[in-house]
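Single-letter residue listing:
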Amino acid sequence: PQLIMTAAHRPETKEAATTTALPAVVDRLLSMEESAMSGKEVAIDGKVFRLVSILASTIYGRVWKAEMATYDHDQYTEDTAFRKTVALKVSRVPTLPHSLESPLKEIDVMKKLGCFDDAAPDNRHIVRCIAHCVERSLDLKEVFCAVALEFATLGDLFSCIQPGVGFKSGENDKETIVAEIAHGILRGANFMHKKGIAHLDLSLENIFMFSGECGEYYPKI
């Protein structure tokens, strides 16, 4: 597949690699059809991601389902290269004074919450960031951003509570599951508040659901 590279990543062993500025990469991910981009590879913050499909569209961008490469260039094989699924959020945002939508503010908040620290012990209910790259346009009127987040295996909470979807449970387990999810959301919100951060849009679509090793459900903000 064609490799679309950003300035942050320049592998030496990939003959097909080309270097492309982040704004051009983001523009392609926002404008091209899913069928044209599926299977292409994008480098963000030194990590390579293979695009799979579009998960959602946002006001300023798109969220792609992607697979992160976990190989060394000398050990590359098609079967083992891409194993970790991520959500790749790309956006193109106008630079507005004091804008709450700024990707720069979003990344700053994630840093304060320890989203980039795999060893952080207290933020189990906050979505982790795997890679990010931000660049301003030459005229400083726009901000281009690409952020790779851990993939919610069960989707968002809104999808999970739709009729016919739901959680796998017996009739007697429903209250227990609801209590576990509510407790997880409160723990995540409490962690943010201790860091001096309020979410402002804690909707069902912004709560992402994961399944634990023992089959338990837990939410992440």
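Here, every reference points to the structure presented above.
What counts and what doesn't
Residues numbered from 1 in each chain as written. Predicted model: local features only at pLDDT ≥ 70, side-chain atom pairs only at ≥ 80, totals over all residues. Heavy atoms only, no water. Helix = DSSP H or I, 4+ residues; strand = E, 2+ residues; numbered from the N terminus. Contact = heavy atoms within 4.5 Å. Buried < 20%, exposed > 50% of the residue type's maximum accessible area, 1.4 Å probe, protein only. Polar contact = N/O pair within 3.5 Å; in protein donor to acceptor, adjacent residues only side chain to side chain. Salt bridge = Lys/Arg side-chain N within 4 Å of Asp/Glu carboxyl O.

### Side note on the environment of Ile-126
And step 1. Mapped onto the elements, Ile-126 comes out in the loop between helix 3 (103–112) and strand 7 (129–136).
And step 2. Sequence-wise, Ile-126 and Gly-114 are twelve residues apart; in three dimensions their C-alpha atoms are separated by 8.9 Å.
And step 3. The residues touching Ile-126, leaving out its near neighbours within four places in the chain, are Leu-113, Cys-115, Glu-150, Gly-188, Phe-191, Met-192, Lys-220 and Ile-221.

### Things to note about the side chain of Arg-50
And step 1. Note on placement: Arg-50 falls in strand 4 (residues 47–57).
And step 2. When its relative accessible area of 14% is taken as the criterion, Arg-50 is described as buried.
And step 3. At 3.5 Å, the side chain of Arg-50 forms a polar contact with the side chain of Glu-41.

### Comments concerning the pattern of salt bridges
Working definition: two side chains of opposite charge can pair if their charged atoms are close together.
And step 1. Inspection of the entire model under this criterion finds six salt bridges.
And step 2. Here Glu-41 makes a salt bridge to Arg-50, at a shortest N to O gap of 3.5 Å. Accessibility assignment for this pair places Glu-41 and Arg-50 in one class, buried.
And step 3. The shortest N-O distance in the salt bridge between Glu-106 and Lys-89 comes to 3.1 Å. Here Glu-106 is found in helix 3, whereas its partner Lys-89 is found in strand 6 (residues 82–94), with 17 residues between them in sequence.
And step 4. When salt bridges that share partners are traced, they join Asp-27, Arg-92 and Glu-142 into one network.

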